[in-house]
Amino acid sequence: MIAPPPVYPVVSASGVHLTLADGRKLIDGMSSWWAVIHGYNHPRLNLALEKQIKSMAHVMFGGLTHTPAIDLARRLVALTPDPLDKVFLCDSGSVSVEVAIKMAIQYWQARGRPRKHRLLALAGGYHGDTFAAMSVCDPVTGMHHLFRGVLPQQFFAPRPGCRFGEPWDPDDVTEFAGLIGAHCDEIAAVILEPIVQGAGGMWFYHPEYLRQVRALCDAHDVLLITDEIATGFGRTGTLFACEHAGIVPDILCLGKALTSGYLTLAATLTTASVAETLSCGGAGCLMQGPTFMANPLACAVATASIDLLCESDWWQRSVQSIEQQLRDELAACIELPSVRDVRVLGAIGVIEMQESVDVRRLTPRFVESGIWLRPFDRQIYIMPPYVIEPQDLSCITDAVRRVLVEKGC
Ligand SMILES: *Cc1c(COP(=O)(O)O)cnc(C)c1O
């Protein structure tokens, strides 16, 4: 509220273009916080919503059910690895994380081990803005000091050090192994973002880390929650990031690209074993019932978005070619003294600067160059809709390079 930076009114959006009120068109490199994988104003997604709204926009999901929810749940079960075959639909990513944590806690209550109610998370993680979700975000970037005494206290292992695509060092998981071993009587679940840590620093880590975590969870009777809200639906080059490591979690969170950015919707999936066990506990069911659970419009557009993704050759034609182009066009940035690191995985390109970037100064320059990016902390990152054309992606990478070589950046 104090001296707010300028904001840009948008009047329409189509494909990868945002049209501002003054007529300027920007190429979107953000997919509206990583959600809009198929581009804006997509005819198939629009049609799915138009068809659905003619029969019903909403109906409560307690004691009633409907085809849009059933169709979506079936798609999600088919798409995700076995044995994830129970689906809980909710309003947003943060809520799906709350649901995942609640599932884990109720599971151990039902098994007569109520002391197992804490979480083991990773430094550098981000899981959302509601309270339980905040408690497992990175303690520093998640500003835990602001809510001291309010947030539940969780365990934190260091950020995985070994990078994706580089050699594995077995020492990387030593501290994690020590923590889970020492506190497994109190830990209900490990929660992490597989392979790509997003809003906590855009960091890509080694799949072996994830395999080791899975094995340690099994060895110590701890559930594994993977938060694929940012990575799900192809962003990292596999449909789900867990596939890079060939592991399956006990609980999986999905959101963001689930509806390709049309409406807010998220899903928490789990195994029949977890779902049935927790349902045999004192409460008799998962204690969560959001008012807008399984909203039919959101479900209909999510199903259409998944169908579009599955019909397209999303990997070869989109994500893989975006990855190659980002690698080619961003590589030279590492020569700039202000740049600390350049990394690319799937349809994600990151330029990490030596210092925190001045978003107030960079944003107008990007807008003048005809592109939309929203850097944070030291990260300038590009996460375009999968439908972006090579020349539009080049406009983004050109503009970034130009702005970075200008004096004062
Ligand atoms: C965005 C995000 C969330 C939170 O989702 P919201 O829909 O913003 O509540 C949680 N986890 C990860 C990994 C995210 O990227």
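Calculation notes
The numbering scheme is per chain: residues are counted from 1 as the chain's sequence reads. Owing to the predicted nature of the model, reporting of local features is limited to residues with pLDDT of at least 70; listing and counting of side-chain atom pairs is limited to 80 or more, with chain, interface and lining totals taken over all residues. Think of the side-chain values as coming from all heavy atoms in the structure, minus any hydrogens and water. Between any two strands, at least two bridges found by DSSP are needed for them to pair. For the purposes of this entry, the term helix denotes a DSSP run of H or I that reaches at least four residues, the term strand denotes a run of E that reaches at least two, and both are numbered from the N terminus. Under this scheme, a helix contributes an axis fitted over its contacting stretch, all axes are lines through C-alpha atoms, and angles between N-to-C directions fall in the 0 to 180 degree range. Aromatic rings from Phe, Tyr and Trp, with only the six-membered ring used for Trp, were paired whenever their centres fell within 6.5 Å, and each pair was classed as stacked if the ring planes differed by under 30 degrees, edge-to-face if by over 60, and tilted otherwise. Residue burial is assigned from relative accessible area. The probe radius is 1.4 Å, only protein chains are included, and a residue is buried under 20% of its type maximum, exposed over 50%, and partly exposed in between. One side-chain nitrogen of Lys or Arg within 4 Å of one carboxyl oxygen of Asp or Glu is enough to make a salt bridge. We call a residue near a molecule or strand whenever a single non-hydrogen atom of that residue lies within 4 Å of it. As used in this structure description, the phrase polar contact means that two N or O atoms lie within 3.5 Å; if the pair is within protein, one of them must be able to donate a hydrogen and the other to accept it, and residues adjacent in sequence are counted only when both atoms belong to side chains. Note on areas: Shrake-Rupley with a 1.4 Å probe; residue coverage comes only from the protein chains shown. When describing relative orientation, an angle under 35 degrees is termed roughly parallel and one over 145 degrees roughly antiparallel, while 65 to 115 degrees is termed roughly perpendicular and anything else oblique. By convention the crossing between two helices is left-handed if the near helix lies anticlockwise of the far one by an angle smaller than a right angle, and right-handed if it lies clockwise. Residues are treated as being in contact if the distance between any of their heavy atoms lies within 4.5 Å. Nonpolar residues are Ala, Val, Leu, Ile, Met, Phe, Trp, Tyr, Cys and Pro. Charged residues are Asp, Glu, Lys and Arg, and all others, Gly as well, are polar. UniProt positions are given in the numbering used here, feature names are shortened, and annotations may be inferred rather than shown by experiment.

**Student:** Lay out the sheet that holds strand β7 (residues 187–192) with the relevant residues and their values.
**Tutor:** Read from one edge to the other, the open sheet built from seven strands follows the order β4-β12-β11-β10-β7-β5-β6, with strand pairing classed as mixed. In this open sheet, the two edge strands, each paired with only one partner strand, are β4 (84–90) and β6 (155–157). For this sheet the average axis-to-axis angle between neighbouring strands, irrespective of direction, equals 20°. The sheet contact formed by strand β11 (residues 251–254) and strand β12 (residues 266–271) spans four bridges and is antiparallel. If you follow C253 over to β12, its bridge partner there is T268.

**Student:** So what's going on with the packing of aromatic side chains? Residues and values would help.
**Tutor:** Inspection of the entire model under this criterion finds eight aromatic pairs. Ring centres 5.7 Å apart and planes at 85° place the aromatic pair F131 and F147 in the edge-to-face group. Separated by 16 residues along the polypeptide, F131 in helix α5 (residues 131–135) and F147 in the loop between α5 and β6 bring together distant segments of the chain. On the accessibility criterion, F131 (41% relative accessible area) is partly exposed. On the basis of relative accessible area, F147 is assigned to the partly exposed category, the value being 27%. Measuring from centroid to centroid gives 5.7 Å for F233 and F240, while their planes differ by 65°, and the two rings are edge-to-face.

**Student:** Residues and numbers for the pattern of salt bridges, please.
**Tutor:** For side chains bearing opposite charge, pairing can occur when the charged atoms are close. In the structure shown here, the tally under the stated rule is 17 salt bridges. Its salt-bridge partner being R75, residue D307 comes within 2.7 Å of it at the nearest N-O pair. You can see D307 sitting in helix α9 (residues 296–311) and its partner R75 sitting in helix α3 (residues 67–79), a full 232 residues away along the chain. For D307, a relative accessible area of 23% gives the class partly exposed. Using a relative accessible area of 29% as the deciding quantity, one classes R75 as partly exposed. Of the charged contacts in the structure, one is a salt bridge between D218 and R214, with a shortest N-O distance of 2.8 Å. Separated by four residues within a single helix, D218 and R214 lie in helix α7 (residues 207–219), roughly one turn from each other. Among the charged side chains, a salt-bridge network with shared partners connects R163, E166, D341, R343, E352 and R378.

**Student:** Give a description of the environment of A182 that names residues and reports values.
**Tutor:** Turning to its location among the elements, A182 is positioned in helix α6 (residues 174–183). Spatially, the C-alpha atom of A182 lies 45 Å from that of M1, the residues being 181 residues apart in sequence.

**Student:** Residues and numbers for the site of the ligand, please.
**Tutor:** Surrounding the ligand, one finds W34, S92, G93, S94, Y126, H127, G128, E193, D227, I229, A230 and K256. Contact distances for the ligand include 2.9 Å between an oxygen atom and a backbone N or O atom of G93. Between the ligand and S94 there is a distance of 2.6 Å, counted from an oxygen atom to a side-chain nitrogen or oxygen. Contact with the protein chains hides 82% of the accessible area of the ligand, taken as 380 Å² for the molecule alone.

**Student:** Go over the packing of α6 against α7 with me, naming the residues and quoting the values.
**Tutor:** Interhelical geometry of α6 versus α7 gives an angle of 15° and a closest axis separation of 11 Å. In terms of axis orientation, α6 runs roughly parallel to α7. Regarding α6 and α7, the two cross each other, and that crossing is right-handed. Contacts between α6 and α7 involve F176, A177 and I180 on the former and, on the latter, Y209, V213, L216 and C217. Counted by class, the contact of α6 with α7 contains seven nonpolar, no polar and no charged residues.

**Student:** Please set out the UniProt feature "binding site: substrate" (unreviewed entry) in the protein chain residue by residue, giving values where relevant.
**Tutor:** Feature annotation in UniProt assigns "binding site: substrate" (unreviewed entry) to the following positions: W33, Y126, K256, G289 and R374. Spanning 342 residues, the named residues do not form one spatial group; their C-alpha atoms are separated by as much as 34.1 Å. Residue position: Y126 is located in the loop between β5 (118–122) and α5. A relative accessible area of 28% places Y126 in the partly exposed class. In this structure, Y126 is in contact with C137, E193, A199, G200 and D227, ignoring residues within four places of it in sequence.

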